[in-house]
Amino acid sequence: MRRAGINVTSRRLRHIGPDDGTRQVLRKKGIDLRLGLDVVRMARNGDLDMAIIFSQDQDLAEVASEVRDISQSQGRWLNIVSAFPKSSAATAWRGISRTD
C-alpha cells in the first residue's frame with residue numbers, strides 16, 4: 001500500500017491478559033485516536049468531503065461532532081458515515097453516534 005502512495009499507520013498488539021486462562025488476548029490500542037486525528041485533519045485541510053468509517057466504536061462520536069463543526073465553520077458540505085455489519089449474529093444494532 002505504501003508503494004501506491006497510501007499513508008499506512010500500524011500499531012503493535014498489546015497483551016491484555018488471558019481470556020480463559022489458556023491463551024493471551026491481544027488488542028490494538030490507539031488506532032481509534034489515530035483515525036480520528038486523520039479524519040479531523042483532512043476535514044480541516046479540505047482533503048475530504050465524506051468519511052466512511054467501518055466501526056461501531058462510540059469513542060469516534062466526538063470525531064463526528066468535530067467534522068460537523070468544521071462543515072459549519074467552513075460553510076461547506078462534509079459528511080461522516082459509520083458502516084457496520086448487520087445480521088442476526090450482530091451484538092450492536094447501530095453505528096457511531098452522530099454519524100449517518
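Residues numbered from 1 in each chain as written. Predicted model: local features only at pLDDT ≥ 70, side-chain atom pairs only at ≥ 80, totals over all residues. Heavy atoms only, no water.

We now examine the overall build of the chain. Secondary structure summary: the chain contains two helices and four strands in total. Listing each helix as α and each strand as β along the chain from the N terminus yields β-β-α-β-α-β. Counting all 100 residues of the chain, 27% fall into the buried class. At a minimum sequence separation of 6, the contacts of the chain that also span at least 24 residues come to 55%. If you sum the accessible surface of the chain, you get close to 7,500 Å²; carbon and sulfur atoms cover 50% of it. (Helix = DSSP H or I, 4+ residues; strand = E, 2+ residues; numbered from the N terminus. Buried < 20%, exposed > 50% of the residue type's maximum accessible area, 1.4 Å probe, protein only. Contact = heavy atoms within 4.5 Å. Areas by Shrake-Rupley, 256 points an atom, 1.4 Å probe, with all protein chains shown as cover.)

Here the focus is the nonpolar core. Of all hydrophobic cores here, the largest spans 15 residues; its most connected members are Val 39, Ala 43, Ile 53, Val 63, Val 67, Leu 78 and Ile 80. For this core, the elements supplying multiple residues, two or more each, are helix 1 (31–44), strand 3 (50–54) and helix 2 (61–74). (Core = buried A, V, L, I, M, F, W, Y, C linked by side-chain atoms within 4.5 Å.)

Take unusual backbone geometry next. We note that Arg 98 has phi near 70°; this positive angle belongs to a residue other than glycine. Along the chain, the position of Arg 98 falls in the segment after strand 4 (79–83).

Together, Met 50, Ile 52, Phe 54 and Trp 77 give the surface a local cluster of nonpolar side chains, amounting to about 500 Å² of exposed area. With respect to the helices and strands, Ile 52 occurs in strand 3. (Patch = residues over 30% accessible without salt bridge, like charges linked within 9 Å, V, L, I, M, F, W, Y side chains within 5 Å. Salt bridge = Lys/Arg side-chain N within 4 Å of Asp/Glu carboxyl O.)

Structurally, Ser 82 can be placed in strand 4. Judged by its relative accessible area of 8%, Ser 82 is buried. From its side chain, Ser 82 meets the backbone oxygen of Ser 55 in a polar contact 2.8 Å long. One polar contact links the side chain of Ser 82 to the main-chain amide nitrogen of Ile 96, over a distance of 3.1 Å. If we ignore the near neighbours within four places in the chain, the residues touching Ser 82 are Ile 53, Ser 55, Gly 95, Ile 96, Thr 99 and Asp 100. (Polar contact = N/O pair within 3.5 Å; in protein donor to acceptor, adjacent residues only side chain to side chain.)

Helix length check: helix 2 (14 residues) gives 20 Å between terminal C-alpha atoms against 20 Å at 1.5 Å per residue, within 8%. All buried positions along helix 2 are accounted for by Ala 61, Val 63, Ala 64, Val 67, Ile 70 and Ser 71. Elements that come into contact with the buried residues of helix 2 comprise helix 1 and strand 4. A positive phi of about 60° marks Gly 75, the residue just after helix 2. (Expected span 1.5 Å × (residues − 1).)

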